[in-house]
Amino acid sequence: MADLFDYLKWRGDLLLSQADFGPVDNLILASLIYVPFENVLDTDSDEAVSIAEAARRYAGLDEDGRGPVRSEKDEELLMAAAGTPRFAELKLTFYRNEIDTAAEMQFCAAAVLLNEETAYVAYRGTDTSIVGWREDFNMSFMDSVPAQRAALKYLVEFGRGFKGRIMTGGHSKGGNLAVYAAAMCPEELKQRITAVYNNDGPGFSEAVTGSDGYKEMLPMIRTYLPESSIVGMLLEHDEPYNVVKSRQIGILQHDPYSWEVMAGDFVRAEGLSRHSLRTDRTLKRWLSGLSLEERELITDTFFDILNAGEMNRTEDMIKPDKIFAALRSVKNIDEEKRKKLGQSMFELVQSALEVRRQH
């Protein structure tokens, strides 16, 4: 059950000129963008810094300087990649990181210069900020969210200065942002996009999947889902997908470090698990019974409760004092909202029971 770290040991000594860029290389870069590079990369000058130099600078920071980390494995991956000829001299540039609580936006991206003619634009998925999770929920009732529009703006601005071929991708929401930006960008830029990697990222509203830009980009989209994918099956997808084996179970398969690797590719599975398909049918059945206004109301109510508990990051959700503060706030919520939230949770359970009965 080899993983990304084993891949770096197997193929890390081969330059991209010796072994072509592939799906595992994509997942490594899509995972590296989770590392908080705020005190490593200069966003004002857009200097190009090698991965090896970025790792050296990052290692020199104290805990406060590094900032919140999604996973310790992201840091380990940076150090491991920096120690290989394949990744060490690739250049990181055009780093952007924005969290706007008022606009309900969490966005981060960087470009990786693979050579003088090719770049990979990596979009970060949902981090540990509550505002990032709220934006994911907003996708259920909005045709586009602020991070998607920021991703499009980012790709256009980077493409204006870089005239070569572009690949783009991300993990989780980052994969969604990569697809959206590529689908909605100007035609001249589309012609230079050679691949769009969506690593277990959620889908879109029908307004997006029905657009000409999305349909035009379909041949370039490479979607990878673990067998028990839940996040990657959300909302609407029209592109074909590849199913990857994972050493984890259930929702834990969303972790890119659990995906199995062999040689230069992922270990493929025959198809999605019954658990994934059943969860997908349950959520789609539940959402189809809610209007867009009801979805928005439920989302607002749920995150109002979290805000009342002063929960700003996901780790706050397991702190007893914040949990109790959030629960105490429920009694202050408008009765209609509280009733609708309870009713929707009941309908979700009913949907799950009905899907289980049918299948």
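Structural data are supplied above this passage.
Note that the coordinates shown come from a computational prediction; the quantities given were computed from them, not determined experimentally.

Parameters and conventions
- Residue numbering note: each chain is counted from 1, following its sequence as written.
- Where totals are concerned, whole chains, interfaces and linings use all residues; where local detail is concerned, this predicted model gives features only for residues with pLDDT of at least 70, and gives and counts side-chain atom pairs only at 80 or more.
- No hydrogens and no water enter the side-chain calculation; it runs on all heavy atoms of the structure.
- By the criteria applied, helices consist of DSSP H or I runs no shorter than four residues and strands consist of E runs no shorter than two, each listed in order from the N terminus.
- As defined in this context, the radius of gyration uses C-alpha atoms, and a globule is described by 2.2 Å times the residue total to the power 0.38.
- For the exposure calls, accessible area comes from a 1.4 Å probe over protein chains only, and a residue counts as buried if that area is under 20% of its type's maximum, exposed if over 50%, partly exposed in between.
- Being paired, for any two strands, means DSSP has found at least two bridges between them.
- Residue contacts are counted whenever heavy atoms from the two residues lie within 4.5 Å of one another.
- Axis geometry follows a simple rule: fit a line to the C-alpha atoms, using only the stretch in contact for helices, then measure angles between N-to-C directions, giving values from 0 to 180 degrees.
- Stacked, edge-to-face and tilted labels apply to pairs of Phe, Tyr and Trp rings (six-membered ring for Trp) whose centres lie within 6.5 Å, assigned for plane angles under 30 degrees, over 60, and everything in between, in that order.
- Joining through side-chain atoms within 4.5 Å is the link that ties buried Ala, Val, Leu, Ile, Met, Phe, Trp, Tyr and Cys residues into a set, and such a set is a nonpolar core.
- Here, patches come from residues exposed beyond 30% relative accessible area and free of salt bridges, joined within 9 Å for like charges and within 5 Å for nonpolar side chains (Val, Leu, Ile, Met, Phe, Trp, Tyr).
- For every accessible area listed, the method is Shrake-Rupley and the probe measures 1.4 Å; residues are considered covered only by the protein chains on display.
- Only one rule defines a salt bridge in this text: a Lys or Arg side-chain nitrogen within 4 Å of an Asp or Glu carboxyl oxygen.
- Angle categories are assigned with fixed cut-offs, so that under 35 degrees is roughly parallel, over 145 is roughly antiparallel, 65 to 115 is roughly perpendicular, and the rest are oblique.
- Crossing handedness: left-handed means the near helix sits turned counterclockwise from the far one by under a right angle, and right-handed means the same turn made clockwise.
- In this classification, Asp, Glu, Lys and Arg are treated as charged, Ala, Val, Leu, Ile, Met, Phe, Trp, Tyr, Cys and Pro as nonpolar, and every other residue, Gly included, as polar.

Draft legend 1. Highlighting the overall build of the chain. Helix and strand content of the chain: 16 helices and 10 strands. Taking 2.2 N^0.38 as the reference for a compact globule, 359 residues should give roughly 21 Å; the C-alpha atoms of the chain span a radius of gyration of 21 Å, in line with that estimate. Along the longest, intermediate and shortest principal axes, the C-alpha atoms of the chain span 60 × 45 × 40 Å. Per-residue burial over the chain gives 53% buried out of 359 residues.

Draft legend 2. Layout of the sheet that holds strand E3 (residues 105-113). Ordered by their spatial adjacency, 8 strands build an open sheet running E1-E2-E3-E4-E5-E6-E7-E8, and the pairing between neighbours is mixed. Across the chains shown, the open sheet's two edge strands, defined by having one partner strand only, are strand E1 (49-50) and strand E8 (241-244). Pairing of E3 with strand E4 (residues 118-123) involves 5 bridges; the strand directions are antiparallel. Across the sheet, Val 112 pairs through a bridge with Tyr 120, a residue of E4. Against the sheet, helix H2 (residues 23-32) contacts E3, E4, strand E5 (165-171), strand E6 (193-199) and strand E7 (221-226), and its axis sits at roughly 65° relative to E6.

Draft legend 3. Representation of the packing of aromatic side chains. The tally for this structure, following the rule as stated, stands at 14 aromatic pairs. With a centroid separation of 5.9 Å and an interplanar angle of 85°, the aromatic rings of Phe 37 and Tyr 95 are classed as edge-to-face. Placement of the pair is Phe 37 in the loop between H2 and E1 and Tyr 95 in strand E2 (residues 91-100), with a sequence separation of 58 residues. Residue class for Phe 37 comes out buried when judged on its relative accessible area of 1%.

Draft legend 4. How the structure looks around the nonpolar core. Counting 45 residues, the largest nonpolar core has Ile 28, Leu 29, Phe 37, Ile 51, Leu 114 and Tyr 120 as the members making the most contacts within it. Contributing elements (two or more residues each) for this core: helix H1 (4-11), H2, helix H3 (51-59), helix H5 (72-82), E2, E3, E4 and E6. For this core, the leading source of residues is H2, giving 6 residues. Excluding residues within four positions of it along the chain, Leu 29 makes contact with Phe 21, Ile 51, Phe 87, Val 112, Leu 114, Tyr 120 and Ala 122. Of all hydrophobic cores here, the second largest spans 32 residues; its members include Ala 109, Leu 155, Val 179 and Tyr 214.

Draft legend 5. Geometry of a nonpolar patch on the surface. Judged by side-chain polarity, Ile 249, Ile 251 and Leu 252 come together as a nonpolar surface patch covering roughly 310 Å² of accessible area. By the secondary structure assignment, Leu 252 is in the loop between E8 and strand E9 (261-262).

Draft legend 6. Region of interest: unusual backbone geometry. Phi angles above zero are rare outside glycine, and Glu 104 is one such case at about 55°. Here Glu 104 is to be found in the loop between E2 and E3.

Draft legend 7. How the structure looks around the pattern of salt bridges. Under the counting rule described, the total for this entry stands at 14 salt bridges. With its nearest N and O atoms 3.0 Å apart, the salt bridge here joins Glu 53 to Arg 57. With Glu 53 and Arg 57 both in helix H3 and 4 residues apart, this pair spans about one turn of that helix. Using a relative accessible area of 23% as the deciding quantity, one classes Glu 53 as partly exposed. The closest approach of N and O atoms between Glu 188 and Arg 192, which form a salt bridge, is 3.0 Å. On the basis of relative accessibility, which here comes to 51%, the residue Glu 188 falls in the exposed class. Ionic contacts of the salt-bridge type, sharing partners, join the residues Glu 47, Glu 53, Arg 56 and Arg 57 into one network.

Draft legend 8. Highlighting the packing of H2 against H5. It is the contact of H2 with H5, at a shortest axis distance of 9 Å, that shows an interaxial angle of 125°. With respect to H5, the element H2 is oriented oblique. For H2 against H5, the interelement crossing comes out left-handed. Listed contacts from H5 to Ile 28, Ser 31 and Leu 32 of H2 are Asp 74, Leu 77, Leu 78 and Ala 81. In terms of residue class, the contact of H2 with H5 is built from 5 nonpolar, 1 polar and 1 charged.

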